[in-house]
Amino acid sequence: MTRQEIRTILTAPSADALFKEAQAVRLQTKGTGVFLRGLIELSSICLRDCLYCGMRHSNANVRRYALTDDEIVACAALAQTLHFGTVVLQAGENERLWTRERVAHLIHRIKVETGQRVTLSLGERSEADTAAWREAGADRYLLRFETTDRALFAHIHPGAPTTGDHPRIAQLRRMKAQGYEIGSGIMLGIPGQTLDSLIEDLLTFQALQLDMVGLGPYLRHPETPLGQGDQDSEVPVSVDFTCRCYAVARLLLPSANIPSTTALSSLDPEAGRIRGLSSGANVFMPNLTPAYYREGYQIYPGKICVVAPQADSLSALHDTLHSLGLHHIEG
Ligand code: SAM
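Summary of the structure given here. From a predicted model like this one, the values you see are computed outputs, not experimental measurements.

## A short note on the site of the ligand
Item 1. Surrounding the ligand, one finds 17 residues, the nearest of these being Tyr52, Ala91, Arg144, Glu146 and Leu219.
Item 2. With respect to the ligand, the backbone of Ala91 contributes an N or O atom lying 3.1 Å from a nitrogen atom.
Item 3. Glu146 places a polar side-chain atom, nitrogen or oxygen, 2.5 Å from an oxygen atom of the ligand.
Item 4. Protein chains bury 93% of the 560 Å² of accessible surface belonging to the ligand in isolation.

Here it is, written out as structure tokens:
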């Protein structure tokens, strides 16, 4: 797809034909199965100060917590009981808390005690760290590069370089060479984001040959610098636009795993996940973090806890999948 073709698709009055095409490709490459991957939010103690994130270090109103290793393994055991197949370990960026050795030990325990595949999402880390975790058995790594626009990236990530390699894209390349399945993505509608830069982001997914693509609307957090400023963006924050981007990602990377994200469901708790799974997405990430801690991981207000691990909400999810002609598969 050319830049102009993507622009036309993203700005056309209706996207019905696009959604149909993306679903057809998704059915061809991924069938009717939907992976449920258990999200475990390890900790809200973040050392970074990203301008958009409610969990940023400078926000004094966050309830900070960190799960113990035993709690994390118990969450992974729940994923095993629910036949998920994969857990995603995500945390605020913190090298002191999530040391190379501790994470390697955790990966080993999860693999041995629960048999789940492990996706890591621990932010920017050294080549030696990610090599050790791969060695310990980590399968995948999720690191959103957020934007290819270097000035915007540096603006929203204090301390990030404006020249040289994009630090996150460089890390993704290194991890691909280390044998990880790599996932990345962006937020849609960051103040200052342009349509041109978004198109560049989408083409970069393809250039990186991503295994997973995570796309979600930017949701303003009033206790962040970005949430308090001017909200101007050429990129709309809407369910329709987010789904258009899922569809384009599906066409660019027919075999990728594309989650219908929590941010999309938070934007529209009624219809978000149905719309996402109807426009090319094939993954859903139920939150397995113990309920007591969840309130601490408020990266944006109104973040819904999409599926508590209770049987009734899981069966509601299964019903939704069936109504769309889809079904849960393990993996
Ligand atoms: N620290 C790790 C990292 O940066 O990859 C993982 C945690 S971070 C909170 C996970 C993702 O949350 C970010 O990559 C970002 O895209 C998303 N996020 C943070 N604040 C957000 C907001 N206000 N609206 C939407 N998504 C947000």
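Next comes the rest of the account.
## Section: the sheet that holds strand β3 (residues 86-91)
Item 1. Across the sheet, 6 strands lie side by side as β2-β3-β4-β5-β6-β7; this open sheet has parallel pairing. Looking at the sheet topology across the chains shown, the edges are occupied by β2 (38-43) and β7 (212-217). Strand-to-strand twist of the sheet, defined as the mean angle between neighbouring strand axes without regard to direction, takes the value 20°.
Item 2. In this structure, strand β6 (residues 181-188) lies alongside β7, joined through 6 bridges in parallel fashion. Of the residues in β7, the one forming a bridge with Ile186 is Leu215.
Item 3. Across the sheet, helix α3 (residues 69-81) lies against β2 and β3, angled at about 175° from β2, the strand it touches most.
Item 4. The sheet contacts of helix α4 (residues 100-114) involve β3 and β4 (117-121), and relative to β4 the element is tilted by about 150°.

## Observations regarding the pattern of salt bridges
Item 1. Counting across every chain of the model gives 19 salt bridges.
Item 2. Note that Asp70 is salt-bridged to Arg109, the shortest N-O span being 2.9 Å. Residue Asp70 is found in helix α3, and its partner Arg109 is found in helix α4; the two are separated by 39 residues along the sequence.
Item 3. For Asp70, a relative accessible area of 51% puts it in the exposed group.
Item 4. As a salt-bridge pair, Asp211 and Lys176 come within 4.0 Å of each other at their nearest N and O atoms. Here Asp211 is found in the loop between α8 (195-207) and β7, whereas its partner Lys176 is found in helix α7 (residues 167-177), with 35 residues between them in sequence.
Item 5. A relative accessible area of 24% places Asp211 in the partly exposed class.
Item 6. Exposure remark for Lys176: the relative accessible area of 33% places this residue in the partly exposed category.
Item 7. What emerges from the salt-bridge pattern is a single network uniting Arg48, Glu93, Glu124, Glu146 and Arg168.

## Examining the sheet that holds strand β9 (residues 283-284)
Item 1. Read across the open sheet, the 4 strands follow the order β8-β9-β1-β10; overall the sheet is parallel. Unpaired on one side and paired on the other, β8 (259-260) and β10 (327-329) mark the two borders of the sheet.

Rules of the game
- Residues numbered from 1 in each chain as written.
- Predicted model: local features only at pLDDT ≥ 70, side-chain atom pairs only at ≥ 80, totals over all residues.
- Heavy atoms only, no water.
- Near = heavy atom within 4 Å.
- Polar contact = N/O pair within 3.5 Å; in protein donor to acceptor, adjacent residues only side chain to side chain.
- Areas by Shrake-Rupley, 256 points an atom, 1.4 Å probe, with all protein chains shown as cover.
- Pairing = 2+ DSSP bridges.
- Helix = DSSP H or I, 4+ residues; strand = E, 2+ residues; numbered from the N terminus.
- Axes fitted to C-alpha atoms, helices over the stretch in contact; angles between N-to-C directions.
- Contact = heavy atoms within 4.5 Å.
- Salt bridge = Lys/Arg side-chain N within 4 Å of Asp/Glu carboxyl O.
- Buried < 20%, exposed > 50% of the residue type's maximum accessible area, 1.4 Å probe, protein only.

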